[in-house]
Amino acid sequence: MTEQLVYQVFLFFFVFSTALQLYLSIRQSRAVRLHYGSVPEDFSETVSLDEHQKAAAYTLAKQRLARYRILFDAFLLMVFTFGGGLNLLAGLSMKFSDGLLTQGVLLVALFVLAGSVLSIPFDWYATFRLEAKFGFNRSSMATFFGDRVKGLLLAAVLGVPLLYAVIYLMGVAGAAWWFWVWLLWLAFSLLLMWAFPKWIAPLFNKFEPLPEGRLKNQIEDLLSRTGFRSNGIFVMDGSKRSGHGNAYFTGLGENKRIVFFDTLLKDMEPDEVEAVLAHELGHFKHKHIIRQMAVTFVLALGVLAVLGWLMPQAAFYQGLGVGHASHAMALVLFLLVLPVFTFPFTPLASLMSRRNEFEADRFAAQTVSAQHLISALTKLYRSNAASLVSDKWYERFYASHPGARARIRALKKAV
C-alpha cells in the first residue's frame, strides 16, 4: 500500500459519499415539494392540509440545514486531515505532556472537544431557530449549554479511563491488540447500557413513576400477557427540551425501564399508548435488540481488525495528510475517515431496521389492536410534523422506519 493509493482511494470515496448525501437530500426535498398541495390518500381523513403542509415545510427546512451540515462536515474533514488539523492537535498534546500514553489521551480529548465546539452553531440554529419556528423548541439557553457541559464532563469521567486502557493495549498487546481492545469495548458498552437508565439519564432529565390509573393498569396487564419484566414504568420530562413525543426501552437485565415522554402521554389515549408500547415489546419478543447488538459487536470487531492492519503502515498516515504517527493518531484518524467509506452501505442497515419495524407492528396488531396503533402513529406524525411522503432512494438510505403510507397500509391489512 502506497501513500498515493491511500490518497486516491480516500478522495474517490470522499467525493462520492459527499455528493451522494447532497443528491439524496435534494431528492427528498423535491419529493416533499411535489406533494405539498395535497394530503396523501391514506391520511386524507385524519390529517388536515394545514398539518400536512406544516410537516412539508418543516422537512424542507431540515433538509436545507442538513445540506449545509454535509458541506461543513466535508470541509472539517479536509481541515483535520490535509489541512493539518490533526497535526496541530498532536503538537498541542505534546506540549501538555511528555508521556506518550497521556499525549495520546490528550489528542483524542482535544479532537472530541474541537468537534463539540464546532458543532455548537449548527445545534444552536437547529434548536433556537428551526425547531422554535415550528413550535417544537422548549429548551432554554441554560439547558442547551448545560447539556453540553454535562455531556463533556461525563465523557471525561467515563471516557478518559477507557482511553488510557485502549491506547495502553494498542501498545503492549502485540499484533492482536485489536481483539483485546474489542473485548474491553464490549464489556464497557454492556456496562454502560446497564447503568444508563439509573445513573446517567437522570443527569439530563427527570423520571417519575407512571401514576396509578387506567393507563398503568393496561400497561401492567400487557406486560404480564407478553411476559416482559422491567424495573419500572417512567414518565420523562421531554417537554423540558422539545414538543416532540416519543417512548423507548432502556437498560439491561434488572435495570430495564419503560420510558414515555410526557408530551406523548399528553396527546394520546390510553389504548393508543398501549399500542405504542406493544410495538416496542415486539422488538424484544422478536429479539431485534439482541440481533442488532450482535451485528454491532461483530462489525466493531471487523472495524478494529482493519485498524490493526492499517496502524503500522506509514502510508495510512501520510496519504491522509498526517505527519504524527501514533497509536492514538491511528485511532482518531481511522474513526474520522471511516464514515466516508461506510456511508454507501447504509441502505443495508436501514433495510434491516425497516423490516424489524414492520415485524414489531404486526406483533402490536396481534397483541393489542392494529387500529389503535394506526391512530397512535397518525397522532405522532401530526404532532411531530413528520412528512407523510418520502423519496424512495432517500428512504432506502436514511429511513430506519418504514414510510408513513407503507406502514399504515401494512397495518390496515392486519385489521
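These numbers were taken from a predicted model, which means no experiment stands behind them.

A. The arrangement of the sheet that holds strand 2 (residues 233-236) in detail. On the basis of which strands lie adjacent, the open sheet formed by four strands has the order 1-2-4-3 and mixed pairing. Edge positions in the open sheet fall to strand 1 (207-209) and strand 3 (247-250), since each of these has one partner strand only. Going across the sheet, the axis of each strand differs from the next one's by a mean of 30 degrees, ignoring polarity. Sheet analysis places strand 2 next to strand 4 (residues 257-261), joined by four bridges and oriented parallel. Bridge assignment links Phe234 to a residue of strand 4, and that residue is Val259.

B. The UniProt feature "binding site: Zn(2+)" (unreviewed entry) in the protein chain, seen in detail. UniProt records the feature "binding site: Zn(2+)" (unreviewed entry) for His279, His283 and Glu357 in the present numbering. The greatest C-alpha distance among the annotated residues, which extend across 79 residues, is 8.2 Å, indicating that they converge on a single site. With respect to the helices, strands and loops of the structure, His279 is situated in helix 9 (residues 270-285). The class of His279 is buried, set by a relative accessible area of 4%. Sequence-distant contacts of His279, defined by excluding residues within four places in its chain, comprise Glu357, Ala360, Asp361, Ala364, Leu373 and Arg407.

C. Quick look at helix 6 (residues 177-200). With 24 residues, helix 6 should cover 34 Å at 1.5 Å per step; its first-to-last C-alpha distance of 30 Å lies more than 12% under that length. Trp194 marks where helix 6 bends most, by close to 40 degrees; the proline Pro197 follows one to four residues later. The complete set of buried residues in helix 6 reads Trp177, Val181, Trp182, Leu186, Ser189, Ala195, Pro197 and Ile200.

D. Structural view of the pattern of salt bridges. For the structure on display, the rule yields 13 salt bridges. Salt-bridge contacts for Arg214 lead to Asp271; the nearest nitrogen and oxygen are separated by 3.1 Å. A residue pair is termed long-range when its members are at least 10 positions apart, and Arg214 in helix 7 (residues 214-226) and Asp271 in helix 9 qualify at 57 residues. One connected set of salt bridges, linked through shared partners, spans Arg69, Asp73, Asp123 and Arg148.

E. Layout of the side chain of Ser350. Mapped onto the fold, Ser350 is located in helix 13 (residues 346-383). When near neighbours in sequence (up to four residues on either side) are disregarded, Ser350 contacts Arg396, Phe397, Tyr398 and Ala399.

F. Structural context of helix 9. Taking 1.5 Å as the rise per residue, helix 9 with 16 residues should run 22 Å; its terminal C-alpha atoms sit 22 Å apart, in good agreement. The buried count for helix 9 comes to 12 of 16 residues, which makes it a mostly enclosed element. Where helix 9 is concerned, the buried positions are Pro270, Glu272, Val273, Glu274, Ala275, Val276, Leu277, Ala278, His279, Leu281, Gly282 and His283. Just beyond helix 9, the residue with positive phi is Lys287, at close to 60 degrees.

About the cut-offs
- Residues numbered from 1 in each chain as written.
- Predicted model: local features only at pLDDT ≥ 70, side-chain atom pairs only at ≥ 80, totals over all residues.
- Heavy atoms only, no water.
- Pairing = 2+ DSSP bridges.
- Helix = DSSP H or I, 4+ residues; strand = E, 2+ residues; numbered from the N terminus.
- Axes fitted to C-alpha atoms, helices over the stretch in contact; angles between N-to-C directions.
- UniProt positions renumbered as here; feature names shortened; annotations may be inferred.
- Buried < 20%, exposed > 50% of the residue type's maximum accessible area, 1.4 Å probe, protein only.
- Contact = heavy atoms within 4.5 Å.
- Expected span 1.5 Å × (residues − 1).
- Bend = angle between axes of the 7 residues up to and from the residue.
- Salt bridge = Lys/Arg side-chain N within 4 Å of Asp/Glu carboxyl O.

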